[in-house]
Amino acid sequence: MKRLFLFSTFLISFCSLALADELYQVNYNIIPLPKEVKLDPSKKVFFMLKEGTSVSYDASNAECTRIAQFLKEWTKEATGVNLQLTPGDKNAQIQLRLVSPAAPKGKKSKKPIVLTEQEKESYTMKVTEKGVELTAFEPVGLFRAAQTLRKCLPERPDLGLMPYVEITDQPRFTYRGVLLDCGRHFFSVEFIKQFLDVMALHGCNQFHWHLTEDQGWRFEVKALPDLAKKGSVREKSIIAPSKVRLYDNIPYGGYYTQEECREVVKYAAERYINVVPEIDMPGHMQSALHVFPNLGCTGGPYPVAPHWGVMREVLCGGNPETLTFLKTVFGELCDVFPSPYIHIGGDECPKERWQKCPKCQAKIKELNLTADNDIKVEGGDNRGSQDGRSAENKLQSYINHEIEQFLASKGRSLIGWDEILAGGLTEDAIVMSWRGTKGGVAAARQNHRVIMSPNVYAYIDHPQLADYSKSPRTTDSYVVSCSKMYSFEPLVPEELTKEQGDCILGVQANLWTEHVAYPEHALYQLLPRLASMCEVQWCNPEQKNFEEWKKRLPQLKKLYNKMGVVYCNEVE
Ligand code: ACM
Ligand code: ZN
């Protein structure tokens, strides 16, 4: 009888453990995949998260305190469990700890150890029977560690055994960006914050905020109050498809005050995201020309553009007031955005007005700019602009040079789309390669820093499913599926030496919004593609495997559901 009792107890325990194993055991295979996940099945230790599980951190450090609070919020959201914040408690089950970097073995030096940007973001997560220990050299690393713990948490903590593990992690690239175009459509500050939360979940650290377009000026410039007030409003918007010029006749507008921009910068910084603002010039400026027609070659009038495409009306390159205007705008931009990089656009600037404009031609003469038509400029096809080293492209380069000097006086570097290669790169320019990777490769070969954002891999305004009828309308010339995005490798050794490869700062996904007017649609375009892109940004190539990524995705989708964000439920 006694033996039978013992046997049945064993059977029940075994079954419940097996059930727990199968259904609720914590899964450390998250997105982006950490550099190293060491599970040791010989160590039969588990930790179980419970109501009131305590979290210790250094309360004298404001960033650690904030990260502990984030962890509390995320745990509640993911599992329903309330963690208890117990700063300085050595016995707390979850420990958030900053540690000093150690000198490599056998190399004792009195000099302080200088961490690389990747090391600053590195962290470890260790689970033992006592609990979870998160360690990092810098708060940003602790933030990444807390995000990892968040992504591992079981939905049912009562059955969520966390097995022994040691995770060590750090990102591959230091620039991991996402662009949101708020020029074509305006998105509220509330939505921008949600967008930043989603970025942070995926380990992204650069929010490229596209603030001005032909179709709307969205950044308040206090010295030029009409610029945002009048330049932000178009009288009507085209109703798709764009070839049939059919308009809704509804005025559309919106802009961000400087106070709101500062609020976004602060919110982003708390999530270790830098905001890279873009004022796109000298093309894509029709909204500014609407307010200041004297800055155009023809004198206007110019409407805020009601349809999409590349506009031939651009800032006059020969009018000295153009530079005065740009310095006023970039000056205030630098006051509001502390970013080390300021994006000046530079893409899609047709030169037909400049070729005929007496002021532009006089400036070209004054600067002694001549065409070097025999120089082939690397890059993709130059939609709407001239390719090659024309005198007009050199005039654009002259404007870039002036703005570069101006930004440098404020300690900032300039980023431009790859068209800035055409007239000759300015000294410190960072190239954002969008027409494929050729522009990025050409810039890296000139020892310029590069961000890769090639349209065929990184443009998330395009559909993600081959059957267009399954999704809301988008820019529909080609499909950028999750697998296509995942296959992108920004460092091709045959094209770049090791030193040139080091010029590639990172990778960015771009969400243009000609056809994306609502937050739900923006999120649908973004997800789960950002989950795919973030492994290009974070993981080393040898770690990447799309089939394995697909298996890891459902766990992240559970968090999307908890966060209440829309996503595309199919993956191709
Ligand atoms: C771009 O897509 N025109 C940068
Ligand atoms: Zn002109």
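Residues numbered from 1 in each chain as written. Chains lettered and ligands numbered in written order. Predicted model: local features only at pLDDT ≥ 70, side-chain atom pairs only at ≥ 80, totals over all residues. Heavy atoms only, no water.

> Residue-level account of the overall build of the protein chain, with values.
Along its length, the protein chain carries 19 helices and 21 strands. Rg of the C-alpha trace for the protein chain: 26 Å, near the compact-globule value of 25 Å for 572 residues, within the 12% margin. Counting only C-alpha atoms, the protein chain reaches 105 × 60 × 45 Å along its principal axes. The 572 residues of the protein chain split such that 57% are buried. Within the protein chain, counting contacts between residues at least 6 apart in sequence, those at least 24 apart form 75% of the total. Across the protein chain, the mean location of the 69 positive side-chain charges is 4 Å away from that of the 71 negative side-chain charges. (Helix = DSSP H or I, 4+ residues; strand = E, 2+ residues; numbered from the N terminus. Rg over C-alpha atoms; globule rule 2.2 N^0.38 Å. Buried < 20%, exposed > 50% of the residue type's maximum accessible area, 1.4 Å probe, protein only. Contact = heavy atoms within 4.5 Å. Lys, Arg positive; Asp, Glu negative; His and termini not counted. Charge placed at Lys NZ, Arg CZ, Asp CG, Glu CD.)

> Quick one: what's the story with the pattern of salt bridges, residue by residue and with numbers?
For the structure on display, the rule yields 30 salt bridges. Here E270 ties to R271 by a salt bridge, and the two come within 3.5 Å at their closest N and O atoms. The exposure class assigned to R271 is buried, which follows from its relative accessible area of 9%. The salt bridge partner of K327 is E402, with a shortest N-O separation of 3.6 Å. Note that K327 is positioned in helix α9 (residues 320–336) and E402 in helix α12 (residues 391–408), a separation of 75 residues in sequence. (Salt bridge = Lys/Arg side-chain N within 4 Å of Asp/Glu carboxyl O.)

> Tell me what's going on with the coordination of the zinc ion (ligand 2), and back it up with residues and numbers.
Protein ligation of the zinc ion (ligand 2) involves C297 (SG), C316 (SG), C357 (SG) and C360 (SG), the donor distances falling in the range 2.3 to 2.4 Å. Sequence positions of the residues that donate to the zinc ion (ligand 2) give the spacing C-x18-C-x40-C-x2-C. Using a relative accessible area of 5% as the deciding quantity, one classes C357 as buried. (Donors = N, O, S within 2.8 Å, 3.2 Å for Na, K, Ca; no water.)

> Summarise the nonpolar core; cite the residues concerned and give the values.
Core analysis: the biggest nonpolar cluster contains 152 residues, and W209, W217 and F330 have the highest contact counts within it. The element contributing the most residues to this core is helix α5 (residues 189–201), with nine residues. Dropping the residues within four chain positions of it, W209 is found in contact with L180, C182, I192, Y256, C261, V264, V275, V276, P277, E278 and F337. Counting residues in hydrophobic clusters, the runner-up holds 13 residues, among them I430, W434, I451 and L505. (Core = buried A, V, L, I, M, F, W, Y, C linked by side-chain atoms within 4.5 Å.)

> If you had to explain the packing of helix α11 (residues 358–366) against α12 to someone new, which residues and values would you point to?
Two numbers describe a pair of packed helices, the interaxial angle and the distance between the axes. Contact geometry of α11 with α12 gives a least axis separation of 10 Å together with a crossing angle of 80°. With respect to their mutual orientation, α11 and α12 come out roughly perpendicular. Residue-level inspection shows C360, Q361, K363 and I364 of α11 in contact with α12, the latter providing A391, E392, L395 and Y398. Residue classes in the contact of α11 with α12 are distributed as five nonpolar, one polar and two charged. (Axes fitted to C-alpha atoms, helices over the stretch in contact; angles between N-to-C directions. Parallel < 35°, antiparallel > 145°, perpendicular 65-115°, else oblique. Nonpolar A, V, L, I, M, F, W, Y, C, P; charged D, E, K, R; others polar.)

> Hey, could you go over the side chain of Q286 for me, with residue numbers and the actual values?
Residue position: Q286 is located in helix α8 (residues 286–291). Only 2.8 Å separates the side chain of Q286 from the backbone oxygen of P303, close enough to count as a polar contact. Sequence-distant contacts of Q286, defined by excluding residues within four places in its chain, comprise D214, Y302, P303, A305, M311 and E313. (Polar contact = N/O pair within 3.5 Å; in protein donor to acceptor, adjacent residues only side chain to side chain.)

> So what's going on with the sheet that holds strand β4 (residues 84–85)? Which residues, and what values?
Ordered in space as β1-β9-β6-β7-β5-β3-β4, the seven strands form an open sheet in which the pairing is mixed. Single-partner strands in this sheet number two, and they are β1 (36–39) and β4. Contacts from helix α2 (residues 62–79) reach β3 (54–56), β4 and β5 (94–98) within the one sheet, and its direction differs from that of β5 by about 150°. (Pairing = 2+ DSSP bridges.)

> Any chance you could break down the pairing of strand β16 (residues 274–281) for me, citing the residues and the numbers?
Successive side chains on a regular strand alternate, one facing one side of the sheet and the next facing the other. In terms of residue burial, β16 counts as a mostly covered element, since eight of its eight residues are buried. Burial along β16 is two-sided: the residues N274, V276, E278 and D280 and V275, P277, I279 and M281 are all buried.

> Talk me through the packing of aromatic side chains; I want residue IDs and the actual numbers.
Counting across every chain of the model gives 23 aromatic pairs. When the ring of F207 is compared with that of W209, the centres are 5.8 Å apart and the planes differ by 35°; the resulting orientation is tilted. Classification of F207 as buried rests on a relative accessible area of 0%. Site record: aromatic cluster; members linked through ring pairs are F186, F187, F191, F195, F207, W209, F219, Y256 and F337. Seen from the ring of W354, K351 lies directly overhead, with NZ or CZ sitting 5.5 Å from the centre. Between the NZ or CZ atom of K484 and the centre of the ring of Y457, over which it lies, the distance is 4.7 Å. (Phe/Tyr/Trp six-rings, centres within 6.5 Å; stacked < 30°, edge-to-face > 60°. Lys NZ or Arg CZ within 6 Å of the ring centre and 35° of its normal.)

> I'd like a rundown of the confidence of the model for the protein chain, residues and numbers included.
Per-residue confidence for the protein chain averages 92 on the pLDDT scale, and 91% of its residues sit at or above 70. Looking at the elements of the protein chain, mean pLDDT is at its lowest for helix α1 (residues 2–24), recorded as 39, and at its highest for strand β11 (residues 206–210), recorded as 99. Scored below 50 in pLDDT, residues 1–23 shows five contacts in the model against residues more than four places distant or in partner chains. Counted against residues more than four places away or in other chains, residues 380–384, with its pLDDT under 50, gives 14 contacts. (pLDDT = per-residue confidence, 0-100.)

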